[in-house]
Each structure stands twice: as C-alpha cells, then as structure tokens.
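Single-letter residue listing:
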Amino acid sequence: MKGYWIAHVTIQQEEDYQAYLALAPQALAKYGAKILSRGENFTTLEGFDENPPQRAVVLEFESYEQALACYHSEEYQQAREKRILCSNAHILILQGMEDSPRLG
C-alpha cells in the first residue's frame, strides 16, 4: 500500500531554510518520493487557528514502510537538522488504503 507524507511548515528564517532545501530533495528522491502537492496556496479550515502553516507538502511513496524509511534515513535526518534550526514543521506519515471505497 502507498505511503503519504504530509507536512505543514512555518519558516522563521527563509535564508537558512535553503540549507534544508539543498539536502532534502536528494533524500526524498533516493526513496522514490513523488510530490503530489506543495506550496503556499491552501485554505486552513480547522485546527490552525493560532498558528496556520506557511506551506504544505504531500508526498507519495510506493509504501508506508518506504515513507518511514525515508524519514528515518541518515540522508533525511541530515536535512532535518538544518530544517529544525529555522522552521517549525508538523509531519505525519499516513498509510494508504488498498481498495479505496467510493463515497456516495
């Protein structure tokens, strides 16, 4: 089953964030990440009243295990060390459904 990495990010120091952006793509590519959506054009509806994120990212991996392996990899953890110095992120990894039911 697919794995999905969902991140909400608020950047405090844009210039320093570039160090994260220099490392993260290689780690994500190594684990086969596919960017489904990313950017600053979104609408928060619930739960972000006090601190809405600046950016959101949705990545797809071939499996839940692959998504977890990417996050815990040495390559991504090196990038993460750069990110945590200049931003705040909420990241979750969600397991996809084998047979997605149709609603309605």
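To be clear, the structure that these remarks concern was listed above.
Residues numbered from 1 in each chain as written. Predicted model: local features only at pLDDT ≥ 70, side-chain atom pairs only at ≥ 80, totals over all residues. Heavy atoms only, no water.

Caption draft 1: Seen up close, the side chain of S73. You can see S73 is positioned in the loop between α2 (64-72) and α3 (74-83). Owing to a relative accessible area of 5%, S73 belongs among the buried residues under this scheme. There is a polar contact of 3.0 Å between the side chain of S73 and the backbone nitrogen of Y76. (Helix = DSSP H or I, 4+ residues; strand = E, 2+ residues; numbered from the N terminus. Buried < 20%, exposed > 50% of the residue type's maximum accessible area, 1.4 Å probe, protein only. Polar contact = N/O pair within 3.5 Å; in protein donor to acceptor, adjacent residues only side chain to side chain.)

Caption draft 2: Up close: the packing of aromatic side chains. Under the counting rule described, the total for this entry stands at six aromatic pairs. Pairing W5 with Y76 gives two aromatic rings, centres 5.1 Å apart and planes at 75 degrees, and the pair type is edge-to-face. Residue W5 is located in strand β1 (residues 3-11), and its partner Y76 is located in helix α3; the two are separated by 71 residues in the primary sequence. Here W5 and Y76 have matching classes, each one buried. Taking the centre distance of 5.2 Å and the plane angle of 40 degrees together, the rings of Y17 and Y20 count as tilted. Residue Y17 and its partner Y20 are located together in helix α1 (residues 14-30), separated by three residues, close to a single helical turn. With a relative accessible area of 5%, Y17 lands in the buried category. (Phe/Tyr/Trp six-rings, centres within 6.5 Å; stacked < 30°, edge-to-face > 60°.)

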